Amino acid sequence: MNVKNNYLDKINFDNLPKHIAIIMDGNGRWAEKRFLPRTSGHKEGVKRVMDTVEECGNLGIKYLTLYAFSTENWSRPKKEIDYLMKLLVKFIKNKLEEIHKNNVKLNILGDLNRFDKNIIKEVEYAVELTKNNSKLILNIALNYGGRDEIVRATKRICNDIINNNISIEEINEEYFKRYLYTENQSDPDIVIRTSGEKRLSNFLNYQIAYSEFFFLDINWPDFHKNSLHKVIFDYQQRNRRFGNI
Ligand code: IPE
Ligand code: IPE
Ligand code: MG
């Protein structure tokens, strides 16, 4: 990817994406290339998380969704999982103040129940503290799986039907969205995956029906502001038709 040009000046601010979703992949490979342990890739990756949150806020993006830990990532070695959890808590502790000050609302996609109590406490505190913020909604996908989300939504709908809260006739595609973790947010306009992998790995299966995809050949720790600017610029050159002509 050519990121030597300055793409910020080329962005059309009247046609910004509302929602950007990112599969932050390639931390391990970034580290291995440098003969470092995989954990140092995760550590470097966290820095890009903060840069990206900050930049999306500056640009005026409304929703940013970051895939941090999938339902399948539990199959990794315990040591790596423990390290990722430690990073998560550290990230919240170190960055919450800044996030809050920047009017960012933190929202979690995924089932937190599988996490340790201290992690749940930290995350819930952050969500509660930032709940009235409105500049940028930051969705962090933790123990998230797109299929799991759809199954969960289906169960919740069944419950509402059984309890006579809704009728079967009321359910349609839009209504179904209310039962997803993203509730009433607009669908991602852009899905970015770093690392060169071209798959979705169970990310936002329902929401990405008409998203524009960007598979980048850089690893997540190398995703800097200008990479984001270039994606937005390229997105603005695409012609979204939504089935129309
Ligand atoms: C993404 O990087 C971070 C998480 C999945 C938590 P990886 O850890 O998947 O890095 P690679 O894909 O092995 O290089
Ligand atoms: C996807 O990356 C999940 C996250 C970035 C959190 P993975 O590294 O887990 O995906 P696969 O295993 O390559 O499909
Ligand atoms: Mg990976």
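Above: the structure in question.
Starting afresh in each chain, residues are numbered from 1 along the sequence in its written order. For this description, chains carry letters from A and ligands carry numbers from 1, given in the order in which they are written. Under the rules for a predicted model, residues below a pLDDT of 70 receive no local features and side-chain atom pairs below 80 are neither given nor counted, while totals for whole chains, interfaces and linings still include all residues. Side-chain metrics rest on all non-hydrogen atoms present in the structure, leaving aside hydrogens and water.

A. The arrangement of the side chain of threonine 65 in detail. Each helix is a run of H or I in the DSSP string that is no shorter than four residues. Each strand is a run of E no shorter than two, and both are numbered from the N terminus. Residue position: threonine 65 is located in strand E2 (residues 63-70). Relative accessibility under 20% of the residue-type maximum defines a buried residue, over 50% an exposed one, and the middle range a partly exposed one, all with a 1.4 Å probe and only protein chains included. We classify threonine 65 as buried; its relative accessible area is 0%. Polar contact criterion, stated in full: a pair of N or O atoms within 3.5 Å, where within protein one must be able to donate a hydrogen and the other to accept it, and residues adjacent in sequence count only if both atoms are side-chain atoms. Polar side-chain contacts of threonine 65 include one of 2.9 Å to the side chain of asparagine 139. In what follows, residue pairs with any heavy atoms lying within 4.5 Å of each other are defined as contacts. Here threonine 65 is in contact with His19, Ile20, Ala21, Ile22, Leu109, Asn139, Phe203 and Leu204, once residues within four sequence places are set aside.

B. Spatial organisation of the site of ligand 2. Close contacts around ligand 2 come from Ile23, Met24, Asp25, Tyr67, Ala68, Phe69, Asn73, Arg76, Arg193, Arg199 and Ser201, and that covers them all. Arginine 193 places a polar side-chain atom, nitrogen or oxygen, 3.2 Å from an oxygen atom of ligand 2. Arginine 199 has a polar side-chain atom sitting 2.8 Å from an oxygen atom of ligand 2. Here ligand 2 loses 78% of its free accessible area of 390 Å² to cover by the protein chains. Per-element tally for the shell around ligand 2: the top contributor is E2, with three residues. Following the grouping adopted for this structure description, the nonpolar residues are Ala, Val, Leu, Ile, Met, Phe, Trp, Tyr, Cys and Pro, the charged ones are Asp, Glu, Lys and Arg, and the polar ones are all others, Gly among them. Taken together, the residues of the shell around ligand 2 break down into five nonpolar, two polar and four charged. Any residue with a heavy atom positioned within 4 Å of a molecule or strand is treated as near that molecule or strand. The method behind every accessible area is Shrake-Rupley, applied with a 1.4 Å probe, and residues are considered shielded solely by the protein chains displayed.

C. The arrangement of the site of ligand 1 in detail. Close to ligand 1 lie 13 residues, the nearest being Asp25, Gly28, Arg29, Arg38 and Arg76. At 2.9 Å from an oxygen atom of ligand 1 is found a main-chain nitrogen or oxygen belonging to glycine 28. Arginine 29 places a polar side-chain atom, nitrogen or oxygen, 2.7 Å from an oxygen atom of ligand 1. Of all the elements in the fold, those that place two or more residues in the shell around ligand 1 are helix H1 (27-33), helix H2 (38-59) and helix H3 (78-101). Per-element tally for the shell around ligand 1: the top contributor is H1, with three residues. Its residues placed into classes, the shell around ligand 1 shows three nonpolar, five polar and five charged.

D. Here's a closer look at the environment of serine 70. The residue serine 70 is located in strand E2 in this model. With a relative accessible area of 6%, serine 70 lands in the buried category. In the structure, serine 70 is positioned 63 residues away from asparagine 133 in sequence and 26 Å away in space, judged by C-alpha atoms.

E. Structural detail: the nonpolar core. Nonpolar cores were defined as sets of buried Ala, Val, Leu, Ile, Met, Phe, Trp, Tyr and Cys residues, with membership established by side-chain atoms within 4.5 Å. Counting residues in hydrophobic clusters, the biggest one holds 47 residues, and the most contacted among them are Ile20, Ile22, Leu64 and Ile192. If you tally residues by element for this core, the top one is H3, at nine residues. In this structure, leucine 64 is in contact with Ile20, Ile22, Thr52, Val53, Cys56, Leu136, Ile137, Leu138 and Asn139, ignoring residues within four places of it in sequence. Formed by 11 residues, the second largest nonpolar core is a distinct cluster that contains Tyr144, Tyr181, Phe203 and Ile208.

F. Representation of the pairing of strand E6 (residues 212-215) in the model. Taking every second residue as pointing to the same face, the buried face of E6 carries Glu212 and Phe214, while none of Phe213 and Phe215 on the other face is buried. Of the pairings in the sheet, the one linking strand E5 (residues 190-193) to E6 comprises four bridges and is parallel in character. In the strand pairing of E6, isoleucine 190 is matched with glutamate 212. For two strands to be treated as a pair, DSSP must find at least two bridges joining them.

G. The arrangement of the environment of lysine 198 in detail. Among the secondary structure elements, lysine 198 is positioned in the loop between E5 and E6. Distance in space between the C-alpha atoms of lysine 198 and lysine 10 is 27 Å, their sequence separation being 188 residues. Not counting residues within four places of it along the chain, the set of residues in contact with lysine 198 comprises Phe215 and Asp217. Here glycine 196 takes part through its backbone oxygen, which lies 3.2 Å from a polar atom of the side chain of lysine 198.

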